[in-house]
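So the chains spell out like this:
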Amino acid sequence: MSRPPRGAVRGGRALSLAVLLLLAACTTQGPDEPDDVAPAPPPGQRWRPAPEVSWQWQLSGKLDTSVKAAVYDVDGFNTTKEQVSALEKAGRRTICYLSTGAWEEFRPDAGDFPEELLGEGNGWEGERWLDIRRRAELEPLMAKRFDMCREKGFDAVEPDNMDGYRNSTGFPLTAEDQLAYNRLIAKLAHDRGMAVGLKNDLDQIPQLVGEFDFAVNEQCAEYEECERLTPFIAAGKAVFHVEYEGRIEQWCGQSQELKLSSLQKKYELDAWRQFCPPGD
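Now for a description of the structure that goes with this document. (Residues numbered from 1 in each chain as written. Predicted model: local features only at pLDDT ≥ 70, side-chain atom pairs only at ≥ 80, totals over all residues. Heavy atoms only, no water.)

Regarding the sheet that holds strand S6 (residues 127–130)
The sheet built from three strands is open, its strands ordered S4-S6-S5 with antiparallel pairing. The open sheet is flanked by strand S4 (102–104) and strand S5 (118–121), the only strands paired with a single partner. Ignoring strand direction, the axes of neighbouring strands in this sheet form an average angle of 40°. (Pairing = 2+ DSSP bridges. Helix = DSSP H or I, 4+ residues; strand = E, 2+ residues; numbered from the N terminus. Axes fitted to C-alpha atoms, helices over the stretch in contact; angles between N-to-C directions.)

As for the state of the cysteines
Scanning all chains against the criterion turns up three disulfides. Here Cys220 is linked by a disulfide to Cys226, with a sulfur-sulfur distance of 2.0 Å. Between Cys220 and Cys226, the S-S torsion sits near 85°, and that sign places the bridge as right-handed. Residue classification places Cys226 among the buried positions, given a relative accessible area of 2%. (Disulfide = S-S within 2.5 Å. Buried < 20%, exposed > 50% of the residue type's maximum accessible area, 1.4 Å probe, protein only.)

Structural notes on the environment of Ala235
When you line up the elements, Ala235 lands in the loop between helix H6 (230–234) and strand S10 (239–243). On the basis of relative accessibility, which here comes to 43%, the residue Ala235 falls in the partly exposed class. Once the C-alpha coordinates of Ala235 and Gly210 are considered, the two residues, 25 residues apart in sequence, prove to be 8.2 Å apart.

Remarks on helix H4 (residues 175–191)
Think of an α-helix as turning once every 3.6 residues; residues three or four places apart then point the same way. A rise of 1.5 Å per residue sets the reference length of H4, with its 17 residues, at 24 Å; its end C-alpha atoms lie 24 Å apart and thus fit the reference within 8%. Residues of H4 that are buried include every one of Asp177, Gln178, Leu179, Tyr181, Asn182, Leu184, Ile185, Ala186, Leu188 and Ala189, and no others. Considering only its buried residues, H4 is in contact with helix H3 (135–152), strand S7 (156–160), strand S8 (195–199) and helix H5 (205–208). Following H4 by one or two positions, Gly193 has its phi on the positive side, about 80°. (Expected span 1.5 Å × (residues − 1). Contact = heavy atoms within 4.5 Å.)

Just distances and angles here, no functional claims.
Listed below in structure tokens is the structure:
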């Protein structure tokens, strides 16, 4: 996530084994949730998720593949090709979570990033903003990560930390810098036949909705900004939405009206979830 506390404990963060075991034991859905599947796209076409599709977002703990959601958004590095294949065989579509706007010291390719590309911390231990103005240097690094997602069989990519220009990065980033970089990220995904989501970055939705296949948002209900995501819905594209605070009944009604795909999650983004069903 780009702005603490709008975030989650992601794949490389240090959680004790006892905590992880406890998280893995949490219930992930209610008994009344239908078993939802998502058909594969036609040959030669990339997957395009439609509004109100069900989903699961898990970035920590042992991956729970029993969740009855059509879409799984999971860590690109920690999820294996075999797990992606098993989800595909079960009729699930998969999204590869990557941080594209911030460096993470715990990733296996961390040493490939030159020090001059690394800026201020983004609020999470071991992470620093990237200088997205230096696209020529970042493109091959991100391309290698996107190749990994494709080789593992993912249908799409969720690029995180896509709004550095609105944060204290240590670099004089502008809105134009962010638009150029985000468009590069979208192209890298599309060139590999994968869909790509716009993560948060609400201010630039009008300029980017045509170039991204879905949106991923955190806490739009808490910050009273969910209506800003409606250009994606109007374009027939899914909005994958999560709230961490409050109770699901406080915001589910609005989510249904707006046709968002919404979950209540814990900040750890472990397997536990509550889902807001589609409206009538």
